[in-house]
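# Structure assessment
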Amino acid sequence: MNIILMGPPGAGKGTQAKILEEKYGLKQLSTGDMLRAERAAGTELGTRVQAIMDAGDLVSDDIIIEMIEKRMNEKDCANGVIFDGFPRTIPQADALGLMLKAKGKSIVLVVDLAVDENILFERVEKRAAEAVAAGQPVRNDDRPEVVARRIREYKTYTAEVSPYYESRGLLLRLDGMQPIDLIATRIQAALPAKK
Ligand code: AMP
């Protein structure tokens, strides 16, 4: 079972992904996290994407698709994946469809979590404060000046990708302001009974 979670930073994607991972044995794959890990490890890929990410631009479709394809072949993805931050473009969505089809699989649901922009800032600020309190580094892109840009970027890419899935009858729009449990229940109710 493969699911896509869309939503701006702070919409609660991480929380919902964790619930789905535990309930269905799925694996959350965040392309942003994967790229940050490459950078932290100082790999060739990490070095290549560094300037692009810092400028707030999208990494090329080829790089993203290759990275996802490799990762999806690992054992922990066998039950299915929750895609987070991917696909961000139509070519990525097409490539994902083909990749899954080749394995006899498909996307069963695309969840778009909508949240009021002012609340998003509060949530992301809270996440940054919690990181500081726990003695952890604040994600560079959780800094307020960067959050505004990420929200803008999110709007651009969902404007492109959500109609793609809506026209395929896969899009579930939910109000991310609702309680965590209620959102989780709505998502589960929209999933097919069998994988
Ligand atoms: P995120 O944590 O999802 O906001 O991603 C952080 C940054 O990584 C983005 O601003 C992009 O530069 C890059 N990135 C992550 N996912 C993708 C993607 N699917 N396509 C292109 N670039 C991406």
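Above this note sits the structure.
Overview of the structure. Along every chain, residues carry numbers that run from 1 in the direction the sequence is written. The model is predicted, so local features are restricted to residues of pLDDT at least 70 and side-chain atom pairs to those at 80 or more, both for listing and for counting; the totals for chains, interfaces and linings are taken over all residues. Note that water and hydrogens are dropped before the side-chain values are worked out from all heavy atoms of the structure.

### Structural notes on the overall build of the protein
As a reminder, the rule being used: Secondary structure counts use DSSP, requiring at least four H or I residues in a row for a helix and at least two E residues in a row for a strand, with both numbered from the N terminus. Each radius of gyration is computed over the set of C-alpha atoms, and the globule rule expresses the reference value as 2.2 Å times the number of residues to the power 0.38.
In terms of regular secondary structure, the protein is built from eight helices and five strands. Its helices and strands taken in sequence order, the protein reads β-α-β-α-α-α-β-α-β-α-α-β-α from the N to the C terminus. For the protein, whose C-alpha radius of gyration is 16 Å, the value lies close to the compact-globule estimate of 16 Å for 195 residues. Considered along the principal axes of its C-alpha atoms, the protein spans approximately 40 × 40 × 30 Å.

### Focus: the nonpolar core
Rules: For this analysis, a nonpolar core means a set of buried residues of the types Ala, Val, Leu, Ile, Met, Phe, Trp, Tyr and Cys, connected via side-chain atoms within 4.5 Å. Think of it in three bands: residues with accessible area under 20% of the maximum for their type are buried, residues over 50% are exposed, and the middle band is partly exposed, with areas taken using a 1.4 Å probe on protein chains only. In what follows, residue pairs with any heavy atoms lying within 4.5 Å of each other are defined as contacts.
Core analysis: the biggest nonpolar cluster contains 33 residues, and M72, F83, L96 and Y165 have the highest contact counts within it. Every element with two or more residues in this core is listed here: strand 1 (2–6), helix 2 (31–40), helix 3 (44–54), helix 4 (61–72), strand 3 (81–84), helix 5 (90–102), strand 4 (107–114) and helix 7 (144–166). At six residues, the largest contribution of residues to this core is made by helix 4. If we ignore the near neighbours within four places in the chain, the residues touching Y165 are I4, P87, A93, L96, V110, L170 and L171. Listed in part, the 22 residues of the second largest apolar core include I82, V111, V147 and L191.

### Describing helix 2
Put simply, the rule reads: Regarding the arc, it is the one traced by the directions from the helix axis to the C-beta atoms.
Along helix 2, the positions that sit buried rather than exposed are T31, G32, M34 and L35. Summarising the axial view, the buried residues of helix 2 lie within an arc of 165°, below the 170-degree limit, and thus occupy one face. The secondary structure elements touched by the buried residues of helix 2 are strand 2 (27–30), helix 3, helix 4 and strand 3. Positive backbone phi, at 65°, marks G42, one or two positions downstream of helix 2.

### Considering the pattern of salt bridges
It is possible for side chains bearing opposite charge to pair when their charged atoms get close. As a reminder, the rule being used: Just to be clear on terms, a salt bridge is a Lys or Arg side-chain nitrogen sitting within 4 Å of an Asp or Glu carboxyl oxygen.
Tallied over the entire structure, the rule returns nine salt bridges. Here R71 makes a salt bridge to E74, at a shortest N to O gap of 3.3 Å. The network of salt bridges with common partners includes R71, E74 and D76.

### Quick notes on unusual backbone geometry
Between F86 and the following residue, P87, the backbone shows a cis peptide bond with an omega angle of -5°. Inspection of the secondary structure assignment puts P87 in the loop between strand 3 and helix 5.

### Here's the deal with the site of the ligand
Applicable threshold: Any residue with a non-hydrogen atom lying within 4 Å of a molecule or strand is treated as near it. Polar contact is defined as a pair of N or O atoms within 3.5 Å, subject to the rule that within protein one atom must be able to donate a hydrogen and the other to accept it, and that residues adjacent in sequence are counted only when both atoms are side-chain atoms. Here, Shrake-Rupley sampling with a 1.4 Å probe gives the accessible areas, and only protein chains in the shown set may cover a residue. As a working rule, the residues Ala, Val, Leu, Ile, Met, Phe, Trp, Tyr, Cys and Pro are called nonpolar, Asp, Glu, Lys and Arg charged, and the rest polar, with Gly in that last group.
Residues in contact with the ligand amount to 15 residues; listed here are only the nearest, T31, R36, D57, G85 and Q92. Interatomic distance of 2.7 Å between a side-chain N/O atom of T31 and a nitrogen atom of the ligand. Contacts to the ligand include R88, whose side-chain N or O atom sits 3.0 Å from a nitrogen atom. For the ligand, whose free accessible area comes to 480 Å², the fraction covered by protein is 94%. At four residues, the largest contribution of residues to the shell around the ligand is made by helix 2. The class makeup of the residues in the shell around the ligand is six nonpolar, four polar and five charged.

### What to know about the sheet that holds strand 2
Inclusion rule: Here, strands pair whenever DSSP counts at least two bridges between them. To define axes, lines are fitted to C-alpha atoms, for helices over the stretch in contact only, and angles between the resulting N-to-C directions are given on a 0 to 180 degree scale.
Ordered by their spatial adjacency, five strands build an open sheet running 2-3-1-4-5, and the pairing between neighbours is parallel. Every other strand in the sheet has two partners, leaving strand 2 and strand 5 (171–175) as the edge strands with one partner each. Shown here is a sheet whose adjacent strand axes are inclined to one another by a mean of 20°, direction ignored.

### Description of the layout of surface pockets
Note the cut-off: Put plainly, a pocket is an open set of points on a 1 Å grid over the protein atoms alone with protein on both sides within 12 Å along at least five of seven lines, a cavity is a set where a 1.4 Å probe fits but cannot get out, and a lining residue has an atom within 4 Å of a point. Grid points are joined across faces, edges and corners, and a volume is the space filled by probe spheres set on the points.
Each pocket or cavity is described by its volume, and for the second largest pocket that value is around 270 Å³. If you trace the second largest pocket, you find it lined by M34, A37, E38, E44, L45, R48, I63, E66, M67, K70, R71 and E74. If you list the elements that add at least two residues to the lining of the second largest pocket, you get helix 2, helix 3 and helix 4. Broken down by element, the lining of the second largest pocket gets its largest block of residues, five residues, from helix 4.

### Brief notes about the pairing of strand 3
The alternating pattern of strand 3 places V81 and F83 on one face and I82 and D84 on the opposite face, and all of these are buried. Summarising the sheet, strand 1 and strand 3 pair through three bridges and their orientation is parallel. Its bridge partner lying in strand 3, I3 is registered against I82. Note: strand 2 against strand 3, four bridges, orientation parallel. Paired with S30 across the bridge in strand 3 is D84.

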